[in-house]
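Next come the chains, spelled out residue by residue.
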Amino acid sequence: MSASTLDRPVELGAAPPEPEPKKRIPRWVGVLAAIVVWILVWSFTKGHNTLYLAGLDLTDLHVKLAKLGAGLGNNAFTDSVNTAINAIVDFLSKLVALPSAPSPAPVIGWLGVTAIATWVGYALANWRIAVLVLASFLSFGIFGFWQDSMGLLVVTFVSVVLAVLLGLPLAILIGVSKRAATVITLLLDLLQTMPTFVYLIFVFILFGIGAPAAVICTLAYALPPIVRISGFAIRDTNPGVLEATDSYGQSTWQRLVKVQVPMARKTIILGLNQTILAALSMAIIASYVNGPGLGKPVLAALTQNDFGRGLVPGMLIVLMGIMLDRLTTAASERSELIARGGGENVKRRRVILGALLVPVAAAVWYSTYALNAAVFPESQLGTNVANAANKWMDATVASLSGPAGALKDAITYGLLNPMQALLSTSPWWLSFAAILIIGLIIGGRKALVPTLICLLGLRLLDVWFDSMVVLNMTLVATLLVMVLALFFGVWMARSKRADLIIRPILDAGQTIPAFVYLIPVLALFDSTRFTAIVAAIVYAAPAAIKLVADGVRGVNPGTVEAGRSVGQTTWQEITKVQLPMAKGSLVLATNQGLLYVLAMVVIGGLVGAGALGYDVIYGLAHQEASGKGMAAGLSIVLLGVMIDRITRAAAARAGAD
Amino acid sequence: MRQLNTKGARLVAVAASALFALSACGGGSVSDATKANESKAAAAGGDCGDFKIIVNPWVGYTADAYVVGEAAKEKLGCNVTYVELKEGGPSYKALASGDGDVILEEWSHAEELKAAVADGSAVDLGSPGNVGIIGWYVPGWLADEHPDVLDYNNLNKYAKDFATSESGGKGQFLGSDPTYTQYDEAIVKNLNLDFKVVFSGGETATVEAFKKAQENKEWLIGYFWEPQYIHAEVPMKRVALPPYSDGCDADKAKVACDYADTPLKKVAATKFMDSGSTAANLVKAFTWTNDDQNLVAKYITADKMSPEDAAKKWIADNQDKVDAWIK
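The rules behind these values
Residues numbered from 1 in each chain as written. Chains lettered and ligands numbered in written order. Predicted model: local features only at pLDDT ≥ 70, side-chain atom pairs only at ≥ 80, totals over all residues. Heavy atoms only, no water. Helix = DSSP H or I, 4+ residues; strand = E, 2+ residues; numbered from the N terminus. Buried < 20%, exposed > 50% of the residue type's maximum accessible area, 1.4 Å probe, protein only. Contact = heavy atoms within 4.5 Å. Areas by Shrake-Rupley, 256 points an atom, 1.4 Å probe, with all protein chains shown as cover. Lys, Arg positive; Asp, Glu negative; His and termini not counted. Charge placed at Lys NZ, Arg CZ, Asp CG, Glu CD. Core = buried A, V, L, I, M, F, W, Y, C linked by side-chain atoms within 4.5 Å. Salt bridge = Lys/Arg side-chain N within 4 Å of Asp/Glu carboxyl O. Axes fitted to C-alpha atoms, helices over the stretch in contact; angles between N-to-C directions. Parallel < 35°, antiparallel > 145°, perpendicular 65-115°, else oblique. Nonpolar A, V, L, I, M, F, W, Y, C, P; charged D, E, K, R; others polar. Buried area = accessible area lost by both parts, 1.4 Å probe. Polar contact = N/O pair within 3.5 Å; in protein donor to acceptor, adjacent residues only side chain to side chain. Disulfide = S-S within 2.5 Å. Pairing = 2+ DSSP bridges. Expected span 1.5 Å × (residues − 1). Phe/Tyr/Trp six-rings, centres within 6.5 Å; stacked < 30°, edge-to-face > 60°. Right-handed = clockwise from strand over helix to strand, strands pointing away.

A. Spotlight on the overall build of chain A. Assigned secondary structure in chain A consists of 30 helices and 0 strands. C-alpha extents for chain A along the principal axes are approximately 85 × 65 × 55 Å. When the 657 residues of chain A are sorted by exposure, 55% land in the buried category. Within chain A, residue pairs in contact and separated by at least 24 positions form 80% of the contacts whose partners lie at least 6 positions apart.

B. Molecular detail of the overall build of chain B. Across its full length, chain B carries 14 helices and 11 strands. Its C-alpha atoms give chain B principal-axis dimensions of roughly 80 × 55 × 40 Å. In chain B, which comprises 327 residues, the proportion classed as buried is 53%. Sequence separation of 24 or more characterises 74% of the internal contacts of chain B that already satisfy a separation of 6 or more. Surface exposure of chain B reaches about 13100 Å², of which carbon and sulfur atoms provide 53%. Placing the 33 positive and 47 negative side-chain charges of chain B at their respective mean positions leaves the two points 6 Å apart.

C. Representation of the nonpolar core within the structure. One finds F137 and F197 of chain A together with F51, W136, L155 and F272 of chain B to be the most contacted residues of the largest nonpolar core, which totals 287 residues. For this core, the leading source of residues is helix α22 (residues 464–494) of chain A, giving 16 residues. Setting aside its immediate chain neighbours within four residues, F137 of chain A contacts V113, T114, A117, W146, M150, L153 and M323 of chain A.

D. The arrangement of the pattern of salt bridges in detail. Counted according to the given criterion, the structure contains 27 salt bridges over all chains. Note that K157 of chain B is salt-bridged to D148 of chain B, the shortest N-O span being 2.7 Å. K157 of chain B sits in the exposed class, given a relative accessible area of 57%. The network of salt bridges with common partners includes D189, R228, D644, R645 and R648 of chain A.

E. View of the packing of α22 of chain A against helix α29 (residues 611–621) of chain A. All names here are of chain A. One way to put it is that α22 packs onto α29 with a least axis distance of 7 Å and a crossing angle of 125 degrees. Relative to α29, α22 is oriented oblique. Side by side, α22 and α29 meet where D466, S467, V469 and V470 of the first sit next to A611, L612 and D615 of the second. Looking at side-chain class alone, the contact of α22 with α29 contains 4 nonpolar, 1 polar and 2 charged residues.

F. Broad picture of the environment of I39 of chain A. Structurally, I39 of chain A is set in helix α2 (residues 27–45). Sequence spacing of I39 of chain A and K94 of chain A is 55 residues, and the spatial spacing of their C-alpha atoms is 62 Å.

G. Representation of the interface of chain B and chain A in the model. Contacts between the two partners involve 66 residues from chain B and, on the opposite side, 72 residues from chain A. Buried surface at the junction of chain B and chain A, both sides included, amounts to about 5500 Å², of which 60% is carbon and sulfur. Where chain B touches chain A, the interface holds 3 salt bridges. Across the pair D526 of chain A and K212 of chain B runs a salt bridge whose closest N-O atoms are separated by 3.6 Å. Counting every contact that joins chain B to chain A gives 10 residue pairs in polar contact (both at pLDDT 80 or more). Residue assignment for the side of chain B that touches chain A shows that the elements contributing at least two residues are α1 (2–24), α2 (30–43), β2 (79–84), α4 (89–97), α5 (110–118), α8 (184–190), β7 (195–199) and α9 (203–216) of chain B. For the side of chain B that touches chain A, the element with the most residues is α1 of chain B, which contributes 13 residues. A class-by-class count of the residues in the side of chain B that touches chain A yields 25 nonpolar, 24 polar and 17 charged.

H. Molecular detail of the state of the cysteines. Residue and element names in this part refer to chain B. The final tally for this structure, using the stated rule, is 2 disulfides over all chains. Between C48 and C78 runs a disulfide, and the two sulfur atoms are separated by 1.9 Å. Judged by the sign of its S-S torsion, about 100 degrees, the bond between C48 and C78 is right-handed. Placement of the pair is C48 in the loop between α2 and β1 (50–55) and C78 in the loop between α3 (59–76) and β2, with a sequence separation of 30 residues. Shown here is the disulfide that connects C248 with C257, its sulfur atoms set 1.9 Å apart. Because the sign of the S-S torsion sets the handedness, a value of about 80 degrees for the bond joining C248 and C257 places this disulfide among the right-handed ones. Among the residues examined, C257 registers a relative accessible area of 3% and is labelled buried. Each disulfide in chain B links cysteines that, numbered along the sequence, combine into the pattern 1-2, 3-4.

I. Fine view of the sheet that holds strand β4 (residues 122–124) of chain B. All names here are of chain B. Strand order in this open sheet of 5 strands is β2-β1-β3-β11-β4, and the pairing throughout is mixed. Both edges of this open sheet fall to β2 and β4, since each of them pairs with a single strand only. Neighbour-to-neighbour, the strand axes of this sheet turn through a mean angle of 25 degrees, independent of strand direction. Bridge count for β4 against strand β11 (residues 265–269) is 3 bridges, and the pairing is antiparallel. When the sheet's bridge partners are listed, V123 is paired in β11 with A268.

J. Helix α28 (residues 583–604) of chain A, seen in detail. Its 22 residues place the ends of α28 of chain A 31 Å apart at the C-alpha level, agreeing with the 32 Å of an ideal helix rising 1.5 Å per residue. Of all 22 residues in α28 of chain A, 16 are buried, a share of seventy percent or more.

K. The arrangement of helix α5 (residues 110–124) of chain A in detail. Residues and elements named next belong to chain A. Helix length check: α5 (15 residues) gives 21 Å between terminal C-alpha atoms against 21 Å at 1.5 Å per residue, within 8%. Buried residues dominate α5, accounting for 11 of its 15 residues. Where α5 is concerned, the buried positions are W110, L111, G112, V113, T114, A115, A117, T118, G121, Y122 and A123.

L. Broad picture of the packing of aromatic side chains. All names here are of chain B. Counted by the stated rule, this structure contains 42 aromatic pairs over all chains. Measuring from centroid to centroid gives 6.3 Å for W58 and W107, while their planes differ by 85 degrees, and the two rings are edge-to-face. Of the two residues, W58 is situated in the loop between β1 and α3 and W107 in the loop between β3 (102–106) and α5; the sequence distance between them amounts to 49 residues. Assigned by exposure class, W58 and W107 land together as buried.

M. Focus on the packing of helix α6 (residues 127–142) of chain A against helix α7 (residues 146–176) of chain A. All names here are of chain A. At a minimum axis distance of 7 Å, the contact between α6 and α7 shows a crossing angle of 130 degrees. Classified by the interaxial angle, the pair formed by α6 and α7 is oblique. Residues F137, F140 and G141 of α6 form the contact with α7, whose own contacting residues are W146, S149, M150 and L153. Split into classes, the residues belonging to the contact of α6 with α7 amount to 5 nonpolar, 2 polar and no charged.

N. Just the side chain of S367 of chain A, in detail. Among the secondary structure elements, S367 of chain A is positioned in helix α17 (residues 346–369). Accessibility expressed as a relative area gives 1% for S367 of chain A, which makes it buried. A polar atom in the side chain of S367 of chain A sits 3.1 Å from the backbone nitrogen of G109 of chain A. A distance of 2.8 Å separates the side chain of S367 of chain A from the backbone oxygen of V364 of chain A, its partner in a polar contact. The residues contacting S367 of chain A, other than those within four sequence positions of it, are I108, G109, L111, G112, A373 and A374 of chain A together with V30 of chain B.

O. A look at the pairing of β11 of chain B. Residues and elements named next belong to chain B. Burial runs high along β11: 4 of the 5 residues are buried. Relative to β11, β3 runs antiparallel, the two being bridged by 3 bridges. By the bridge assignment for β11, E106 is matched with K265.

P. Main features of the environment of I184 of chain A. All names here are of chain A. Within the secondary structure layout, I184 lies in helix α8 (residues 178–193). For I184, a relative accessible area of 10% gives the class buried. Linking I184 and L61, residues 123 residues apart in sequence, is a C-alpha distance of 30 Å. Among all residues touching I184, those that are not within four sequence positions of it are L170, L173, I174 and V227.

Q. Main features of the side chain of T412 of chain A. Examined against the element boundaries, T412 of chain A turns out to sit in helix α19 (residues 381–425). In this structure T412 of chain A comes out as buried when scored by relative accessible area, which is 0%. Residue contacts for T412 of chain A: discarding those within four places in its chain leaves N417, P418, R529 and F530 of chain A together with S165 and E166 of chain B.

R. How the structure looks around the pairing of β2 of chain B. All names here are of chain B. Taken together, the 6 bridges between β1 and β2 define a ladder with parallel strand orientation. Each residue of the ladder has a partner; that of F51, found in β2, is V80. Note on the crossover from β1 through α3 to β2: the handedness is right-handed.

Purely geometric stuff here, so don't read any function into it on its own.
This is how it looks when you write it as structure tokens:
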């Protein structure tokens, strides 16, 4: 950023500044200068052309989009998809989850299902996994969520099967064609940058309500891992092996089927594992469109502010995740072992498995006969746990409410409101130009085109003001995330003991569904933007802290040692050596932090934060506003892509430095 | 490894037989229960089968849904599912897709209702007996100490007192669940009120806010409605807006009047009504009063009963009313 740019008035259409000055001035100086100019211009233009749109106001574009949307659903394609998925889910649900009337129980009762699952656990992996499966299934019932658990399993199963059927051909395409790889990767990037909440409005418009919509939401999020991971595994097959087998004159097909896919098998299973976990993490979002499963009680708990009632099914989702994760991992290890021809006596194992089928069949039969084996007996355990959790939460909230209020006010009045004033009460062209220039300074020339496209899109979609409010919350929350990440990340990198204690807490933070902790956060901070920000921090900080910790730890110990030998203080060592050298991970952590935060801040729109998240959910409920909801959904996507591109470009530059 | 395998197999076998033993005690058989359902159905004059009741997220509606649902289970042998959905768009899509059979408390999604009736996916079954009142409310203490706050003309005078960290220097008006029928933002704008609407996120959050405001004598103005059982516990007063006149809410962005009193509606999927299910007649006949609903809502909220238990208790105490629905 050269000095000449500062003298130039910031306005739309101004030529972009010279991106790389010859003499290097640190980037943050440029950003600071741009912000100073922004504030100056803002001070005499504020309040004009902010494109503020009141909650119920629609623009022509929104009305047109609503009409377009109304015509999109209910066509031959969506109808046949709906019918097909409904048929499959209905069949499986009546088999294991829902009562098949007039009988009060599903075709196979809980005892039968549990026995089959345990047997499958043993057949695919080993007896330890079988015990884990058994314990998990019993927990689903004992805590009182048998039906919802089975519902979630059914939706997850159908989604994962579809992800594999669609994903493996795509993966093979990536493996064999570079051009296909570029296109597919771009699409996957988009799917993964998009906050999952946004899927809702489009899926709702196309597929309506019910199991098909839930499956499609889940599929959209679960597809990328298996395509990406398997695709690159197929592509990266050892070139030596390929050359050797090519020399026998094999066809491309032979090479693919006999060499590339088998050699990538282990990685493909890893992709499957990731796909399953991604599918499970959609449980709650899918319940917005009446997807069967454990997400429904969690969502209901959010509307009723009942922490305990959400915590129990939330933890069962986590348990299901652990079970499926261990099961697939162990299954892949076992198949690897067998493929290498070792490990066990196959014949003997088959005999055992066959013999075990007898008690399984007996259990299945019995579960169709006795009511107690068909419908899980009622237990108070889930309710008791929920009540205890609520008691604990009430006490905690009561004791923390004083300092929590002070913290909320400090950050809201000190940071959130002033920044929001600048971003959203600037004339739109001013914020537009300022964001573009700051993006350019941070991300370099590579960030220019994507940022420009995203900003133009945001302007065209007519929810500019709300977009700026969301961008502001995202920036504030990410700033706080990075403060935490630097503090805890450096601490963990420098102290083994700290790492040992903090890491499990971070793991827990990453696995508990965000909707569960939104409730206590809401109780502490009321229906405010700050609630959304805190929930976003809880959601985003663990990943960012881990990235920083690993980055700092990865700094060459020789360099640190050299600094110590010349008498550096600890503070100097951190700020002059460790952090600068871990710059790449810091930028990566920021990128992750921003995207996570954006996803959560949007959900915060449901509990007081307003703006785009509110527009989406209002559009779901009100036909006339559905166009605005779509525009808001697309705006969220554009914000995500813009943030992602700028920080990725910055990361590439940091890596090159 | 082989050792472990056998051991494991045995372990699994032992666990399985333990489960058998566990589930064997008590219960009765599936076929008996199925027959019981069938005979209930026969006694009620036909099959009920699956009955999917849409439940929108407020406790009054929960009361409607569970009372109808538990009555359907008990008297007709239906297989009842409660489908929790947001009101408006999602609920109507569910009627069309077959994911839900009835909406028991439609407030005022006129556009969706008109469209659903027009395309033949839903039928309007008239009132469940409740009349909905929506309005702007303040906690009782505020109405006592500053009675002039109950006239919208004086609201701007007090805007500063209603300000919060979220209202950007204006007064805060507390909206509720973003999916509810509410056009407060339009009213604020069109009456030139110096207020900003902030959404609490849901019924419970709004109820908590009013409770807290009354206890701590805090300034609060917000969207609220009747029937809602909390009126019995927390005094609230309605603020007078320019009175409702026919059609003054036709264009939601231009509303500058109070909410209309809404005779609530039952709306059912056409497919369900034509299916011959005995539950269809139950839905058609179902009617009760605001007091009935508030009582069940109180069981659920204040007495912390599960919705099923609350409904069962009310049904047991009001057999005559329930019998009138089952003809």
